[in-house]
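The chain contents come next:
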Amino acid sequence: MPFLPRMPFLRRIACLVPITVIGVWVALNWPVIASGGRGLLNADRYWLLAALAVTGLGWVAVSFARQGAVLEPLPARRLFATQFASGAANHLLPAGLGAGAVNLRFLRGCGIPLAQSSAALALYLLAEAAARVVLLLTLLTAWPGALRLDGLVPKSVALPLVWAAGGLVCAAVLAVVAIRPLRRVIGGFLGTALTDARALHARPARALALWGGSLAFPVLQAAGLVAVALAVDVPVPVMHVAIAYFAASIAAAAVPTPGGIGSVDAALVVALVAAGASVTAAGSVVLGYRIITVWLPLIPGALVLGALVRSKVV
């Protein structure tokens, strides 16, 4: 939106777009939010406060990881505000595109060229995905019986899903190999990304921020789910709940929906049931967790996003 600074009226409209969209979404989903809020009234408030606290720390962890993905120092306060606002932006576009767009504009506003900004976003996504997989495999090695998947997903469904995923990967590889312009663009992007990644890992402070933040963020999110499970007194071991979170977050990535609405909720319920919770208890935990991590920050995040657009930070 490079023309918006020269058109104040349109810029004001752009400030109101995220707030309006989020407001409509909250209004449409208010019965679910209200019922979940009433269900949390009988929960342990100290554990709910703990879930709120680790949710806030999660934005700090993401800020460290974002800083670790670029060589240039970023303004700390604006970086944190951008991460808080990008959560609201994630509900406008699927597959994390909302947060990616907000962070891309923030990096461009900090004077970082488009190629380096795009490479930083890709490096962050790769680091976070790798961290989740490593954490899940490590915990499953220590607690191999945490997820009981036998009978949970029928083989008649699981096998076609595996074949479909394999087919998509093969189609993507063939497209890159066969289409020369696409191959040229991806090759140039990968070259820039690898060069930047080597430069970043040559600076221990940046590498520590990138990988430390990428590991801390999913750990804090898992801790939030554990805190909600303890608040509603679900009889499932703490580490099993954490493993359920990591498994669900990885599985939900295969179904990109805005803010993970639907895909994350369903994956979390399935994972908690596989960890030993009843369907009713799993639903209560997931609803409380999503209220704390998604719905409560939604309106404040939209307001911050509008303020960042208005002040030309993004």
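Structural data are supplied above this passage.
Participant: Run through the pattern of salt bridges, naming residues and quoting values.
Facilitator: When charged atoms on two side chains of opposite charge get close, those side chains can pair. Applying the stated criterion across every chain yields a total of one salt bridge. Glu128 is the salt-bridge partner of Arg132, the closest N and O atoms lying 2.7 Å from each other. Residue Arg132 and its partner Glu128 are both found in helix α6 (residues 114-142); the two are separated by four residues, about one turn of the helix. Accessibility expressed as a relative area gives 10% for Arg132, which makes it buried. In this structure Glu128 comes out as buried when scored by relative accessible area, which is 11%.

Participant: I'd like a rundown of a nonpolar patch on the surface, residues and numbers included.
Facilitator: Together, Tyr46, Leu49, Leu52 and Leu296 make up an exposed nonpolar region whose accessible area comes to about 460 Å². When you line up the elements, Tyr46 lands in helix α3 (residues 45-68).

Participant: Describe in detail the environment of Ala205, supporting the description with residues and values.
Facilitator: With respect to the secondary-structure elements, Ala205 resides in helix α9 (residues 204-231). Judged by its relative accessible area of 54%, Ala205 falls in the exposed class. Taking the C-alpha atoms as reference points, Ala205 and Gln67, separated by 138 residues in sequence, lie 10.0 Å from one another.

Participant: Pulling in residues and values, what's your account of the packing of α6 against helix α10 (residues 238-252)?
Facilitator: Contact pair α6 / α10: the axes reach a minimum separation of 9 Å and the direction vectors enclose 140°. Crossing of α6 against α10: the hand is left-handed. Across the interface between the two elements, Arg132, Val133, Leu135, Leu136, Leu139 and Leu140 of α6 pack against Met239, Ile243, Tyr245, Phe246, Ala247, Ser249 and Ile250 of α10. Taken together, the residues of the contact of α6 with α10 break down into eleven nonpolar, one polar and one charged.

Participant: If you had to explain unusual backbone geometry to someone new, which residues and values would you point to?
Facilitator: Backbone geometry at Asp233 places phi at a positive 60°, although glycine is not the residue there. Judged by relative accessible area, which is 63%, Asp233 ranks as exposed.

About the thresholds
Once a new chain begins, its residue numbering starts again from 1 and follows that chain's sequence as written. Per-residue local features are limited, in this predicted model, to residues with pLDDT of at least 70; the limit for side-chain atom pairs, both in listing and counting, is 80 or more; totals at the level of whole chains, interfaces and linings are taken over all residues. By convention in this description, side-chain values take in all heavy atoms of the structure and omit both hydrogens and water. Only one rule defines a salt bridge in this text: a Lys or Arg side-chain nitrogen within 4 Å of an Asp or Glu carboxyl oxygen. Comment: elements are numbered from the N terminus, with helices defined as DSSP H or I runs of at least four residues and strands as E runs of at least two. Burial classes: relative accessible area under 20% of the type maximum marks a residue as buried, over 50% as exposed, and values in between as partly exposed (1.4 Å probe, protein chains only). Nonpolar side chains (Val, Leu, Ile, Met, Phe, Trp, Tyr) are joined into patches within 5 Å and like charges within 9 Å, using only residues with over 30% relative accessible area and no salt bridge. Only the protein chains shown count as cover for residues, and the accessible areas themselves come from Shrake-Rupley with a 1.4 Å probe. Axis definition: a line fitted to C-alpha atoms, limited for helices to the stretch in contact. Angles are taken between N-to-C directions and run from 0 to 180 degrees. What makes a crossing left-handed is the near helix being turned counterclockwise from the far one by less than a right angle; a clockwise turn instead makes it right-handed. In what follows, residue pairs with any heavy atoms lying within 4.5 Å of each other are defined as contacts. Residues are sorted three ways: Asp, Glu, Lys and Arg are charged, Ala, Val, Leu, Ile, Met, Phe, Trp, Tyr, Cys and Pro are nonpolar, and all the rest, Gly among them, are polar.

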